[in-house]
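# Observations on the three-dimensional arrangement
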Amino acid sequence: MPTDYEKIYQGQRHALGEPTEAFVTFFDQYDQQNADVLDVGCGQGRDALFIARRGHHVVGVDRAATGISQLLEDAQAEGLRIDGIVADLRHFEPVGTYDVVIIDRTLHMLDADMRLDVLTRVCPCVCDDGFVLIADEKSNLAAMRAFFEADNHTWVTLKDKQGFLFLQKRTFPAPS
Ligand SMILES: C[S@@+](CC[C@H](N)C(=O)[O-])C[C@H]1O[C@@H](n2cnc3c(N)ncnc32)[C@H](O)[C@@H]1O
């Protein structure tokens, strides 16, 4: 049975409109070239497309096969470096490492425990000094904040307001 988003994507290209402004601002200030970016729950790729247009390589994951195929069509038409994976985030295990992981309004679609389960599987693939950028319902962010505070890595909070939680994974040198 098609999911709600599968039906939305079948009915309309670019259904979610422009990229999320806070993510655009982050990439305006991000000075790394050729970064590897994972877009978790990418949908039709409104974020993945603008990030790839800046020269980065993006892997987008979503269970809506139509969203992924539209994303890949757009990427091919523009010659962008985007790979797509059709997968259910409840079981998805990322492979490799990423400079930036973005999760734009996807985690609220999962049960509360599963949101943290996804973070548990995805955050280890963020490289040292890499970033996790989350947009979600404000009421869901407290549990995510607590997740990062309890993690073994040191996460520096860059933005925590208006439904955005942006963090950087820092590995500080051991004291001599
Ligand atoms: C609100 S849309 C956001 C899409 C995209 N991040 C954006 O901002 O345009 C939520 C997305 O999460 C995806 N999604 C929801 N539950 C999922 C699951 N269990 N596994 C994979 N994708 C899922 C939906 O298919 C949909 O594309």
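These notes cover the structure that comes with them. (Residues numbered from 1 in each chain as written. Predicted model: local features only at pLDDT ≥ 70, side-chain atom pairs only at ≥ 80, totals over all residues.)

## Digging into the overall build of the protein
The condition is simple: Numbering goes from the N terminus for both helices and strands, where a helix is a DSSP run of H or I of at least four residues and a strand is a run of E of at least two. Radius of gyration: over C-alpha atoms. The globule rule applied is 2.2 Å multiplied by the number of residues raised to the 0.38 power. For the exposure call, what matters is how many other C-beta atoms sit within 10 Å of a residue's own: 20 or more marks it buried, 12 or fewer exposed, and in between partly exposed, using C-beta atoms placed from the backbone. Each residue gets a C-beta atom placed from its backbone, and two residues are in contact if those atoms lie within 7 Å.
Helix and strand counts for the protein come out as six helices and seven strands. Helices and strands in the protein line up, N terminus first, as α-α-β-α-β-α-β-β-α-β-α-β-β. The globule rule puts the C-alpha radius of gyration for 176 residues at 16 Å, and the 16 Å found for the protein is close to it. Taken along the three principal axes of its C-alpha coordinates, the protein extends 55 × 35 × 30 Å. The buried share of the protein, taken over its 176 residues, is 35%. Sequence-distant contacts in the protein: of pairs separated by 6 or more residues, those separated by 24 or more amount to 67%.

## Let's talk about the site of the ligand
Heads up, the rule is: For each residue, a C-beta position is placed from the backbone atoms; the residue is near a molecule or strand when that point lies within 6 Å of it. Side-chain classes are defined by residue name, with Ala, Val, Leu, Ile, Met, Phe, Trp, Tyr, Cys and Pro counting as nonpolar, Asp, Glu, Lys and Arg as charged, and the others, Gly among them, as polar.
Every one of the 20 residues lining the ligand counts as a neighbour, but Tyr5, Gly41, Gly43, Arg63 and Leu89 are closest to it. Grouping the constituent residues of the shell around the ligand by class yields seven nonpolar, five polar and eight charged.

## Structural notes on the packing of helix H5 (residues 112-122) against helix H6 (residues 141-150)
Test applied: Working convention: axes come from line fits to C-alpha atoms, limited for helices to the stretch in contact. Angles between N-to-C directions cover 0 to 180 degrees. Throughout, a crossing is termed right-handed when the near helix is turned clockwise from the far one, and left-handed when it is turned anticlockwise from it by less than a right angle.
Between H5 and H6, the shortest axis-to-axis distance is 10 Å and the interhelical angle comes to 35°. For the pair H5 and H6, the sense of crossing is right-handed. Together, Ala112, Arg115, Leu116 and Leu119 of H5 and Ala143, Met144 and Phe147 of H6 make up the contact between the two elements. Of the residues in the contact of H5 with H6, the class split is six nonpolar, no polar and one charged.

## Thoughts on the environment of Gly41
For Gly41, the position within the fold is in the loop between strand S1 (36-40) and helix H3 (46-53). Given 24 C-beta atoms within a 10 Å radius, Gly41 is considered buried. Sequence-distant contacts of Gly41, defined by excluding residues within four places in its chain, comprise Val61, Asp62, Leu89, Ile103 and Thr106.

## Examining unusual backbone geometry
Backbone geometry places Asp129, a non-glycine residue, at a positive phi of 70°. Tracing the backbone through its elements, the reader meets Asp129 in strand S5 (residues 126-135). For Gln162, which is not glycine, the phi torsion reads 50° and is therefore positive. Within the secondary structure layout, Gln162 lies in the loop between strand S6 (154-161) and strand S7 (164-170).

## Looking at the sheet that holds S6
What counts is decided by this rule: Strand pairing is defined by DSSP finding a minimum of two bridges between the two strands.
In space, the seven strands of this open sheet follow the order S3-S2-S1-S4-S5-S7-S6, with mixed pairing throughout. Edge strands, defined here as strands with exactly one partner in the open sheet, are strand S3 (82-86) and S6. In this sheet, adjacent strand axes meet at a mean angle of 15° when their direction is disregarded. Bridge count for S5 against S7 is five bridges, and the pairing is antiparallel. Bridged to Phe131 within S7 is Gln168. Where H6 meets the sheet, its contacts fall on S5, S6 and S7, and the angle it forms with S7 comes to roughly 5°.

## Here we look at the pairing of S5
Rule in force here: Think of it like this: strands point away, you trace from the first strand over the helix to the second, and a clockwise trace means the crossover is right-handed.
In terms of residue burial, S5 counts as a mostly covered element, since seven of its 10 residues are buried. With six bridges connecting them, strand S4 (residues 98-104) and S5 associate as parallel partners. Looking at the pairing, Val101 lines up with Val132 of S5. Handedness of the β-α-β unit built from S4, H5 and S5 comes out right-handed.

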